[in-house]
Amino acid sequence: MTDVDHRRWSLTPRGSAVRGGKHAHAPEGRGVRRIVCALGLVVILAVGGVSAFLLWPKPLNSKTVCMYTGSDISALTAFSKLAGQPVNCAVLYNDANPGWSQWVTPWFTHPHEGDAYWSQWIKADPAVRRVVVTQEMVPDNVPANWRVLGAEGAYDRYARELAANLIAAGMGNAVIRLGHEMNGTWYHDSLGSNPAQYRDWATYFANIVRTMRSVKGAHFLFDWNVNAGYRNIPLNSFYPGNDVVDIYDAGMPGNPQNQATRWRGLNDEPEGLAQIVAFARAHGKPLSFPEWGMESTAGGGVGEDLTYIRGIAAAIKDNNVVYQSYFDRPTGGVLPLENAPQALRLWQENFGQQGTTPGRPW
């Protein structure tokens, strides 16, 4: 959730720093949205696989510290040095795929990617390192009725192949942000525009989850990533079901210049933080904060907003949260922590190794 004026769910409510475009290997792909505080309802379905978590006596609450620093491993390493601690969880995007052949073989699993060879990075320390894979539901070249076809099982074979490739790359325990910010209108794999399309979308989501979980070696967690305060579509109308959701993602926008007023707006708006937290608790699911951050004054935001950071930190501390990720990329007006010394210190006080909420690998 970034402290901006864009309402998106997946930790990118309006005013955040990331535009819902394709990040893929090309740094900012199809258009970067302004990340505004977004929270992710971690409907822990094993963001990658719900089944395993249905056996847990309590919702997962690892509070893993993740970061989005772009495509290159060196950028994550640089932030780790800045923060004075290793950050062992990265948010990646597989959402720039012309066809199914690219969709099933994410760019970050390729050996030739060099500094972006995230598969090799994970395998160097598999007990500690984790990735959050932002995965689109379909590639670009699908027909207009793709939701119907997906609901009927026409694409199950691709989901099976994607799972096998992720597992082979050492990412069998990844969190999968499947069809993130689905209630928005900026992605081609969104919910659609009517209740029938919402239902087909949810059924297809469930098909992907069940198919990916069926592959040997799969221990995925699936993150249901709503965009805060956008379109205000009833959550139950596109919720795939408790058996296929491991994590809920929540997000919140911000507009007023007064920090306290802005935070109340983010928390209390329709499909804002408070509503998402309540929905997650009602379903016995943990949360995620996959894209939260601040917007610079040059980008139209208010710059360092310490009230916002304290609010995010309190929400993470007080709830079951699988992971949280600051969007540390100067895209769409987002304010990197290296350019926000007060915010960086507050981040360290809360999420550093000696902080109040240091987290651990899920």
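The following refers to the structure shown. (Residues numbered from 1 in each chain as written. Predicted model: local features only at pLDDT ≥ 70, side-chain atom pairs only at ≥ 80, totals over all residues. Heavy atoms only, no water.)

### A short note on the overall build of the protein
Item 1. Of the regular secondary structure elements, the protein holds eleven helices and twelve strands.
Item 2. Within the protein, buried positions represent 62% of all 362 residues.
Item 3. Long-range pairs, those at least 24 residues apart, make up 78% of the contacts in the protein with a sequence separation of at least 6. (Helix = DSSP H or I, 4+ residues; strand = E, 2+ residues; numbered from the N terminus. Buried < 20%, exposed > 50% of the residue type's maximum accessible area, 1.4 Å probe, protein only. Contact = heavy atoms within 4.5 Å.)

### A few points about the layout of surface pockets
Item 1. A volume near 230 Å³ is recorded for the largest pocket.
Item 2. Lining the largest pocket we find 16 residues, and of these P86, N88, P358, G359 and R360 sit closest to its centre.
Item 3. When grouped by side-chain class, the residues that make up the lining of the largest pocket number eight nonpolar, six polar and two charged.
Item 4. Here the second largest pocket is characterised by a volume of approximately 150 Å³.
Item 5. Taken together, T69, A75, A78, F79, L82, D328, R329, P330, P336 and E338 make up the lining of the second largest pocket.
Item 6. In the lining of the second largest pocket, the residues fall into six nonpolar, one polar and three charged. (1 Å grid on protein atoms, 1.4 Å probe; cavity = no way out; pocket = protein on both sides within 12 Å on 5 of 7 lines; lining within 4 Å. Points joined across faces, edges and corners; volume = space filled by probe spheres on them. Nonpolar A, V, L, I, M, F, W, Y, C, P; charged D, E, K, R; others polar.)

### What to know about the environment of N94
Item 1. Turning to its location among the elements, N94 is positioned in strand 4 (residues 89-94).
Item 2. When sequence neighbours within four positions are dropped, the list of residues in contact with N94 reads Q102, W103, P106, W107, F108, V133, T134, Q135 and E136.
Item 3. A polar contact of 3.2 Å, which involves the side chain of N94, links it to the backbone oxygen of W103. (Polar contact = N/O pair within 3.5 Å; in protein donor to acceptor, adjacent residues only side chain to side chain.)

### A closer look at the state of the cysteines
Item 1. All told, the structure shown has one disulfide when counted by the stated rule.
Item 2. The side chain of C66 participates in a disulfide bridge whose partner is C89; the two sulfur atoms lie 2.1 Å from each other. The sign of the S-S torsion, about 75°, decides the handedness of the disulfide formed by C66 and C89: right-handed. Remark: C89 occurs in strand 4 and C66 occurs in strand 3 (residues 64-68); sequence separation between them is 23 residues. Assigned by exposure class, C66 and C89 land together as buried. (Disulfide = S-S within 2.5 Å.)

### Examining the environment of N225
Item 1. Residue placement: N225 occurs in strand 7 (residues 220-225).
Item 2. Separated by 42 residues in sequence, N225 and N183 place their C-alpha atoms 9.0 Å apart.
Item 3. A polar atom in the side chain of N225 sits 2.4 Å from the side chain of R177.

### Considerations on the pattern of salt bridges
Item 1. Counted under the stated rule, the structure contains three salt bridges.
Item 2. Residue R210 pairs with D243 through a salt bridge whose shortest N-O separation is 2.7 Å. A residue pair is termed long-range when its members are at least 10 positions apart, and R210 in helix 7 (residues 195-213) and D243 in the loop between strand 7 and strand 8 (246-250) qualify at 33 residues.
Item 3. Taking the shortest distance from any N to any O, the salt bridge between R213 and D246 comes out at 4.0 Å. Remark: D246 occurs in strand 8 and R213 occurs in helix 7; sequence separation between them is 33 residues. (Salt bridge = Lys/Arg side-chain N within 4 Å of Asp/Glu carboxyl O.)

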